[in-house]
Amino acid sequence: MKDVRTGSEGQCQRKRVFIRTYGCQMNVYDSDRMADVLRPLGYALADTPEQADLVVLNTCHIREHASEKVYSELGRLRDTKAERRAEGRDLTIAVAGCVAQAEGEEIARRQPAVDIVVGPQAYHRLPELLAEAERKSAILRAGKRLPGAGVLDTEFPAESKFDHLPSPQGVRAGSAFLSIQEGCDKFCTFCVVPYTRGAEYSRPVSAVLAEAKLLVAAGAIELTLLGQNVNAYHGEAPDGSTWSLARLIRELAEIEGMARLRYTTSHPRDMDDDLIRAHGEVPQLMPYLHLPVQSGSDRILAAMNRKHTARDYLKLVERIRAARPDIALSTDIIVGFPGETERDFEATLALVAEVDFAQAYSFKYSARPGTPAAKMDEQLPEALKSSRLDRLQQLLARQTHHFNQTCVGKTFPVLFERAGRQSGQLIGRSPYLQSVHAEADSGLLGRIIPVEISGAGPNSLTGVIRAA
Ligand code: 5AD
Ligand code: SF4
């Protein structure tokens with residue numbers, strides 16, 4: 001969970017918005033875009049909900065109990081709103097993101113203090129939704145009754161939200177996200193994304209290039225291209241042809257000042273030859289790839305509707321490593337999918353042992369309502385899922401730590417992104433996306449500096465800036 005605080009915009013603005021972001025980088029990007037939409041309405045960013053006139057919870061539906069966490073946060077906000085109203089002021093509460101999409105009206109029914117429910121496809125309509133919410137609130141304050149609570153927009157509109165969002169403002173210390181693709185047509189049986197984010201959609205090439213240039217002009221030297229299924233990108237180019245992600249990356253790399261490119265999240269089926277080649281040929285494309293495998297058992301992969309086998313994945317890894325031998329691989333793995341046997345789980349451990357991941361995210365399967373896997377027989381007991389997750393995480397933690405240890409003594413170009421906990425320390429990213437802590441002047445924020453790695457922890461590196 002991250003709070004989006006890109007700083008306030010001057011003293012003259014009267015209203016403040018606090019945006020709390022749960023979940024993935026798509027949501028971080030969307031929160032920034034919501035801040036962009038609200039800025040022309042006079043909303044500056046608040047650091048806490050207490051300072052805010054409008055609180056937006058940008059929610060994530062992937063994790064277990066995600067909705068429950070949102071409801072308990074809403075309960076606290078309802079109390080704040082009641083206190084405000086007693087003082088003759090107001091607090092507008094909006095729920096955005098995938099929980100908003102998935103639960104829709106149910107949210108406003110369960111928590112009537114919610115003013116706005118807005119799905120991920122409708123953020124450009126926030127100004128209208130806010131105006132409508134204010135109108136309703138004024139009627140209520142005047143003591144009149146109103147049918148129905150809250151204002152809802154969870155449609156998948158025919159027009160794209162990207163056509164309506166203003167240009168991005170938030171570049172944080174040299175690194176920015178750029179959303180190029182949204183939604184997913186893969187329908188993995190455990191996943192809510194095809195339902196909450198809708199069908200796969202790629203932004204046109206011209207819009208992506210224009211936004212990239214704006215971000216670079218605003219100080220970004222690293223761009224992370226985002227999409228739920230980013231390597232399925234197939235954007236329309238001005239000449240009517242369709243560009244793949246590889247083609248787009250090659251073009252983005254030509255932008256003056258573009259030092260680093262990354263993309264996430266990819267599906268193994270969409271790693272085409274050109275994209276693999278780009279990893280060997282485009283110097284700006286960082287040697288790090290997040291490539292979820294989910295399971296090492298073919299039986300479970302089929303039940304997950306992943307459309308690849310364990311062997312397909314291993315072959316793919318071989319081809320990627322042939323193109324870029326030093327690439328650091330990261331993955332997502334689910335344990336305890338319905339019907340997973342000890343043997344299936346051991347196949348996952350075997351695949352992990354064979355690939356040797358630099359980084360990984362692992363989860364206990366949790367049934368998401370509305371997905372096919374939620375209705376499957378043989379849901380596994382929690383205790384079994386927990387013990388498998390434990391075993392898997394021990395192996396993954398050893399691999400990450402070992403990868404970090406192999407970096408000691410090497411010198412990496414590090415992009416410094418933020419201040420460290422101790423004063424005089426900055427935290428940056430290696431090409432392999434590791435966090436690197438080093439003594440550094442804050443003037444180096446947003447710059448790429450050679451750092452000699454002197455220490456490796458389980459999840460980060462320490463280093464010393466090399467004299468130029
Ligand atoms: N249960 C557990 N993990 C899930 N993920 C997605 N849906 C579920 C679920 N129902 C994990 C997948 C995906 C990552 C973003 O979250 O591993 O790649
Ligand atoms: Fe979900 Fe990813 Fe599968 Fe699409 S490819 S359904 S986003 S897990």
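A brief report on the enclosed structure follows. Owing to the predicted nature of the structure, the values given are computational and were not obtained by experimental measurement.

Before going further, it helps to examine the overall build of the protein. Helices and strands together make up the secondary structure of the protein, namely 13 helices and 22 strands. Going through the 468 residues of the protein one by one, you find that 54% of them count as buried. Long-range pairs, those at least 24 residues apart, make up 73% of the contacts in the protein between residues at least 6 apart in sequence.

Attention now goes to the site of ligand 1. With respect to spatial proximity, eleven residues lie near ligand 1, and among them Phe 190, Gln 294, Asp 332, Ser 366 and Arg 368 are the closest. One of the side-chain nitrogen or oxygen atoms of Gln 294 is found 2.7 Å away from an oxygen atom of ligand 1. Within the contact set of ligand 1, a nitrogen atom lies 2.8 Å away from a backbone nitrogen or oxygen of Ser 366. Alone, ligand 1 offers 400 Å² of accessible surface; in the complex the protein occludes 87% of this. Mapped onto the shell around ligand 1, the elements with two or more residues apiece are β16 (328-335) and β17 (359-364).

Near ligand 2 the following residues occur: Cys 184, Lys 186, Phe 187, Cys 188, Phe 190, Cys 191, Val 193, Pro 194, His 267 and Arg 306. By residue class, the composition of the shell around ligand 2 is seven nonpolar, one polar and two charged.

Take the pairing of strand β2 (residues 15-21) next. Regular strands have side chains that alternate between both faces of the sheet. With five of seven residues buried, β2 is to be regarded as a mostly interior element. Of the pairings in the sheet, the one linking β2 to strand β3 (residues 43-45) comprises three bridges and is parallel in character. Along β3, the bridge assignment pairs Val 17 with Leu 45. Where the polypeptide runs from β2 across helix α1 (residues 25-38) and back to β3, its parallel neighbour, the crossover connection is right-handed. With five bridges connecting them, β2 and strand β4 (residues 54-59) associate as parallel partners. Residue pairing across strands places Phe 18 opposite Val 55, the latter belonging to β4.

As a further point, take unusual backbone geometry. Looking along the chain, the bond that leaves Thr 264 and enters Thr 265 is cis, with omega of 5 degrees. Its place among the elements puts Thr 265 in the loop between β14 (260-264) and α9 (273-281). Phi angles above zero are rare outside glycine, and Gln 294 is one such case at about 75 degrees. Positive phi, normally seen in glycine, also occurs at Asn 305, with a value near 60 degrees. As for its position among the elements, Asn 305 is in the loop between α10 (298-303) and α11 (310-323). Accessibility expressed as a relative area gives 28% for Asn 305, which makes it partly exposed.

Let's shift gears to the sheet that holds strand β15 (residues 288-290). Hydrogen bonding along the main chain pairs the strands of a sheet, whether they run parallel or antiparallel. The parallel open sheet is built from three strands, whose spatial order is β15-β16-β17. In the strand order of this sheet, the two ends are held by β15 and β17, each with one partner. This sheet shows a mean twist of 10 degrees between the axes of neighbouring strands, independent of strand direction. Where β16 meets β17, six bridges bridge the pair, whose relative direction is parallel. Paired with Ile 334 across the bridge in β17 is Phe 363.

The next thing to look at is α1. For α1, with 14 residues, the first-to-last C-alpha span of 20 Å sits near the 20 Å given by 1.5 Å per residue. In terms of burial, α1 is a largely internal element, 13 of the 14 residues being buried.

On to the environment of Tyr 22. With respect to the helices and strands, the residue Tyr 22 is situated in the loop between β2 and α1. When the C-alpha positions of Tyr 22 and Thr 59 are compared, they lie 5.1 Å apart, and in sequence the two are 37 residues distant.

Analysis parameters
Residues numbered from 1 in each chain as written. Chains lettered and ligands numbered in written order. Predicted model: local features only at pLDDT ≥ 70, side-chain atom pairs only at ≥ 80, totals over all residues. Heavy atoms only, no water. Helix = DSSP H or I, 4+ residues; strand = E, 2+ residues; numbered from the N terminus. Buried < 20%, exposed > 50% of the residue type's maximum accessible area, 1.4 Å probe, protein only. Contact = heavy atoms within 4.5 Å. Near = heavy atom within 4 Å. Polar contact = N/O pair within 3.5 Å; in protein donor to acceptor, adjacent residues only side chain to side chain. Areas by Shrake-Rupley, 256 points an atom, 1.4 Å probe, with all protein chains shown as cover. Nonpolar A, V, L, I, M, F, W, Y, C, P; charged D, E, K, R; others polar. Pairing = 2+ DSSP bridges. Right-handed = clockwise from strand over helix to strand, strands pointing away. Axes fitted to C-alpha atoms, helices over the stretch in contact; angles between N-to-C directions. Expected span 1.5 Å × (residues − 1).

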